[in-house]
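Residues per chain, in single letters:
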Amino acid sequence: MSELAILGGTPVRTTPFRSSVFIDDDERTLISEVLEKREFSRFMGSPTEDIEKQLIMPSAEAVDYKSQYFTFLGGRMIRQFEADFSKKFHSPFSITVNSCTSALSTALGACNIGPGDEVITTCMSFNATAMSILMFNAIPVFADISPANYCIDPDKIRMAITDRTKAIIVVHLLGFPAHMEEIMKIADEKGLYVIEDCAQAPGTEYQGQMVGTFGHFGAYSFQETKNFMTGEGGMLVTSRPDLARKARLIRNHGESVPDSTWTDTDLINIVGMNFRMTELTAALGIAQLRKMDENNRTRKENTFYLCEKISHLPDLGVPVYHDGIVPHVIPFVYKTPKGGPHRDIVLDALRAEGIPVGSGYQRLMCDNPVFTRKIAYGGHNCPWSCHLYNRKRDYDPSEFTVATDLLKNRFIWFYHIGKPNEKADMDDAAKAFIKVFQNLDDLKTLSAPKGPKKYKW
Ligand SMILES: Cc1ncc(COP(=O)(O)O)c(C=O)c1O
């Protein structure tokens with residue numbers, strides 16, 4: 001008789017893993033300060049005489065800018081968070097927004113991406129990466145990933161470039177840095193903008209340099225499931241004053257700013273968004289940023305410890321990390337042994353042992369009906385039908401063989417590596433992996449669940 005819990009045995013673990021949302025007195029003090037001062041948003045949306053000065057002011061200077069009570073750059077907490085972020089992430093301009101989705105769209109808008117333009121991105125990311133491209137009516141073009149780091153494959157970028165390509169959105173997936181050296185080389189050769197989606201990789205380094213600082217913009221998410229969080233929220237970083245200027249306008253009702261002295265170029269993509277972050281959110285961000293290094297250290301320690309403990313299992317691929325990588329989620333890879341059970345049965349067996357694991361994203365981004373059916377704005381296939389685009393672009397997920405195989409047959413994602421989870425929790429996870437992988441034969445009698453399975457966090 002097998003002792004696997006899915007077949008009636010005793011589970012390795014019955015207590016849930018703990019939430020990685022980590023709050024202490026730092027957050028409480030700063031939030032109380034906002035409440036006491038009754039300052040919830042000090043953004044002014046209309047122009048003042050010093051508007052041009054404000055728009056290109058580095059975040060380190062803006063923190064002390066006292067032209068008036070309300071500023072175009074926001075209140076005290078906002079400007080403090082931006083200054084702290086700039087220091088930590090080695091980028092002169094940090095621009096808070098209300099999500100990473102807004103950050104990506106703002107970045108594309110600031111790069112003047114618009115109708116008729118193509119933006120190349122990975123086929124494997126959270127939907128927001130691709131959706132952000134539609135915001136300014138550009139056309140997403142997807143490329144397969146590299147099996148080495150699950151990020152966009154530079155060779156596939158080259159193959160996807162057309163005369164309409166204007167930008168690349170690179171995603172540093174699950175904390176792994178993308179191949180930035182090759183990607184920046186391609187972008188320089190072809191004159192393309194590069195936007196780095198760092199939602200899952202705050203603090204990760206590539207060749208000793210922070211991701212998010214290679215391209216024209218880096219975009220971060222502070223949504224609750226991220227490595228550091230403010231509930232919802234996001235940040236854009238750039239080193240270019242002209243791009244920061246435009247991003248700051250897009251964030252803050254840019255439409256109300258221009259007067260007759262502004263050129264037509266100033267008006268492109270200034271469509272009056274409100275992507276502003278609140279003072280309460282920024283207060284949380286300041287406090288969370290202070291503990292980012294400590295939390296990242298725990299993520300690394302837990303990950304390296306767990307990977308080491310189960311690296312001997314012959315049917316399990318364990319990711320290779322170096323010290324510059326801050327893991328977001330660990331993507332183990334099932335090697336699908338000949339005649340062995342399907343990956344989905346292995347997932348169920350691990351879950352039955354009390355280890356919450358996932359198969360990765362439910363589908364590739366290009367498999368979303370918005371793309372397969374090309375219905376975004378109105379009922380006329382806009383933006384694909386735009387006369388400025390005037391070419392055929394279809395989306396076929398089966399083109400992306402590396403990503404498809406990983407999602408359908410191989411990925412086993414483990415999430416609970418953040419503080420306060422610790423080595424004892426990783427020991428449980430390791431025990432369960434060892435138990436299941438040493439008894440794979442016992443699972444052969446079970447059939448794989450049909451359709452996507454809902455996983456309870
Ligand atoms: C890679 C990636 N990009 C973008 C986003 C969107 O972030 P937000 O929820 O802050 O808009 C996410 C969120 O899950 C993400 O994982």
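No experiment lies behind these values; they were computed from the predicted model shown.

Calculation notes
Residues numbered from 1 in each chain as written. Predicted model: local features only at pLDDT ≥ 70, side-chain atom pairs only at ≥ 80, totals over all residues. Near = placed C-beta within 6 Å. Helix = DSSP H or I, 4+ residues; strand = E, 2+ residues; numbered from the N terminus. Nonpolar A, V, L, I, M, F, W, Y, C, P; charged D, E, K, R; others polar. Pairing = 2+ DSSP bridges. Axes fitted to C-alpha atoms, helices over the stretch in contact; angles between N-to-C directions. Contact = placed C-beta atoms within 7 Å. Buried ≥ 20, exposed ≤ 12 C-beta atoms within 10 Å, placed from the backbone. Domains from an automatic or database assignment.

(A) Region of the structure containing the site of the ligand. Surrounding the ligand, one finds 14 residues, the nearest of these being S99, C100, T101, A199 and S221. Every element with two or more residues in the shell around the ligand is listed here: helix 5 (100–110) and helix 6 (128–135). Classifying every residue of the shell around the ligand by side-chain character gives five nonpolar, eight polar and one charged.

(B) Main features of the sheet that holds strand 2 (residues 118–122). Spatially, the seven strands line up as an open sheet ordered 1-9-8-5-4-2-3, and their pairing is mixed. Lying at the two open borders of the sheet, with one neighbouring strand each, are strand 1 (93–97) and strand 3 (139–143). Each strand of the sheet is rotated relative to its neighbour by a mean of 20°, with strand direction disregarded. Looking at chain direction, strand 2 and strand 4 (residues 165–171) are connected through four bridges and run parallel. Along strand 4, the bridge assignment pairs E118 with T165. Across the face of the sheet, helix 9 (residues 241–251) comes into contact with strand 1, strand 8 (217–221) and strand 9 (234–238) while running at roughly 15° to strand 1.

(C) View of the pairing of strand 5 (residues 193–197). Within strand 5, five of the five residues are buried, which leaves it mostly tucked inside the rest of the structure. A two-sided burial pattern is seen for strand 5, the buried positions comprising Y193, I195 and D197 on one face and V194 and E196 on the other. Across five bridges, the pairing between strand 4 and strand 5 is parallel. Across the sheet, the residue bridging to I169 is I195, located in strand 5.

(D) Here's a closer look at the environment of I78. For I78, the position within the fold is in helix 4 (residues 76–88). Taking the C-alpha atoms as reference points, I78 and G418, 340 residues apart in sequence, are found 26 Å from one another.

(E) Focus on the domain arrangement of the chain. Taken domain by domain, the chain holds domain 1 (5–22 + 291–363 + 400–443) and domain 2 (25–290). One C-alpha centre belongs to domain 1, the other to domain 2; they are set 31 Å apart. On the domain 2 side, the residues contacting the 19 residues of domain 1 number 25 residues. Of all elements in the fold, only helix 12 (292–310) and helix 15 (401–410) reach the threshold of two or more residues within the side of domain 1 that touches domain 2. Among the elements that line the side of domain 1 that touches domain 2, the one with the most residues is helix 12, at four residues. The residue inventory of the side of domain 1 that touches domain 2, partitioned by class, reads 11 nonpolar, six polar and two charged.

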